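# Observations on chain architecture
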Amino acid sequence: MAGNWINYIAPVAQLDRVTAYEAAGCWFDSSQAHDLLVVVRCRKKMLKVQQYYMQEALQEARQAFQEDEVPVGAVVVHQGKIIARGHNQVERLKDPTAHAEIIAITSAANYLGTKWLNQVSLYVTIEPCSMCAGALVLARVKKIYFGACDPKTGACGSVVNIVNHKKLNHRIKVTKGILQEECSSLLKNFFSRKRAKKV
């Protein structure tokens, strides 16, 4: 009976095989299992959405790469819409504060006409540094999604954790590792090219 669901009683313990059952046209008779299956579906959908926005941030990072800037890109999302973009422009502007995150949140604040960004999410290709993390806390950004961790300057847990410091008056929910390999690879290629030019 192709295209029809077949009732199949599966214990909750077998939910790690949800996709296999679903592909076979099976459904869970257990209400608890069904609820967990819905959660699995929602998480898959959320991951696709997160990857989409990170791809947009990667486009910004690639633009920075072409401009011979450290390839970091960011986008700000509000109510499902990208309202601001940014990529590193430190060299171009001769400004040490011209990081992708700073440019993006400044643009977002201008777009929304407010200094508080407590209803937006920031997607950035690498873990924000202490300067950017501090700015994100001051702007009261709701969520941060980043691709690659930064073991040298990361301020969302790698070196310090400014965005969730217990003494600060705002804390930000952080999700890391979104398209991590792509984000990391772009940075590695950039610095490899820089080293090759010095030889």
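Above this note sits the structure.
As a starting point, this report considers the structure included with it.

The rules we used
Residues numbered from 1 in each chain as written. Predicted model: local features only at pLDDT ≥ 70, side-chain atom pairs only at ≥ 80, totals over all residues. Heavy atoms only, no water. Salt bridge = Lys/Arg side-chain N within 4 Å of Asp/Glu carboxyl O. Helix = DSSP H or I, 4+ residues; strand = E, 2+ residues; numbered from the N terminus. Expected span 1.5 Å × (residues − 1). Buried < 20%, exposed > 50% of the residue type's maximum accessible area, 1.4 Å probe, protein only. Phe/Tyr/Trp six-rings, centres within 6.5 Å; stacked < 30°, edge-to-face > 60°. Lys NZ or Arg CZ within 6 Å of the ring centre and 35° of its normal.

## Details of the pattern of salt bridges
Per the counting criterion, the structure on display carries five salt bridges. A salt bridge links glutamate 60 to arginine 85; the shortest N-O distance between them is 3.8 Å. Taken as a pair, glutamate 60 in helix 2 (residues 31-66) and arginine 85 in strand 4 (residues 81-87) lie far apart in primary sequence, 25 residues in all. Taken together, the shared-partner salt bridges in this structure form one network comprising Glu56, Glu60 and Arg85.

## Comments concerning unusual backbone geometry
The backbone of glutamine 79 shows a phi angle near 55 degrees, a positive value even though the residue is not glycine. Of note in the backbone geometry, lysine 94 takes a positive phi value of approximately 55 degrees without being a glycine. Inspection of the secondary structure puts lysine 94 in the loop between helix 3 (90-93) and helix 4 (100-112).

## Remarks on helix 4
The first and last C-alpha atoms of helix 4 sit 18 Å apart over 13 residues, in line with the 18 Å expected at 1.5 Å per residue. If you check which residues of helix 4 are buried, you get Ala100, Glu101, Ile102, Ala104, Ile105 and Ala108. Of the residues flanking the end of helix 4, it is glycine 113, one or two places downstream, whose phi is positive at about 70 degrees.

## Description of the environment of glutamate 91
By the element assignment, glutamate 91 lies in helix 3. Classification of glutamate 91 by relative accessible area gives partly exposed; the value is 48%. As a C-alpha pair, glutamate 91 and glutamate 69 span 22 residues in sequence and 6.5 Å in three-dimensional space.

## Looking at the packing of aromatic side chains
The full count for this structure, using the stated rule, is five aromatic pairs. With 5.8 Å between their ring centres and 70 degrees between their planes, phenylalanine 65 and phenylalanine 190 make a pair best called edge-to-face. A residue pair is termed long-range when its members are at least 10 positions apart, and phenylalanine 65 in helix 2 and phenylalanine 190 in helix 6 (residues 180-198) qualify at 125 residues. Since its relative accessible area comes to 3%, phenylalanine 190 is described here as buried. Every member of this aromatic cluster is reached through a ring pair, and the members are Tyr52, Tyr53, Tyr123 and Tyr145. The ring of tryptophan 116 has arginine 140 lying over it, and the distance from NZ or CZ to the ring centre is 3.8 Å.

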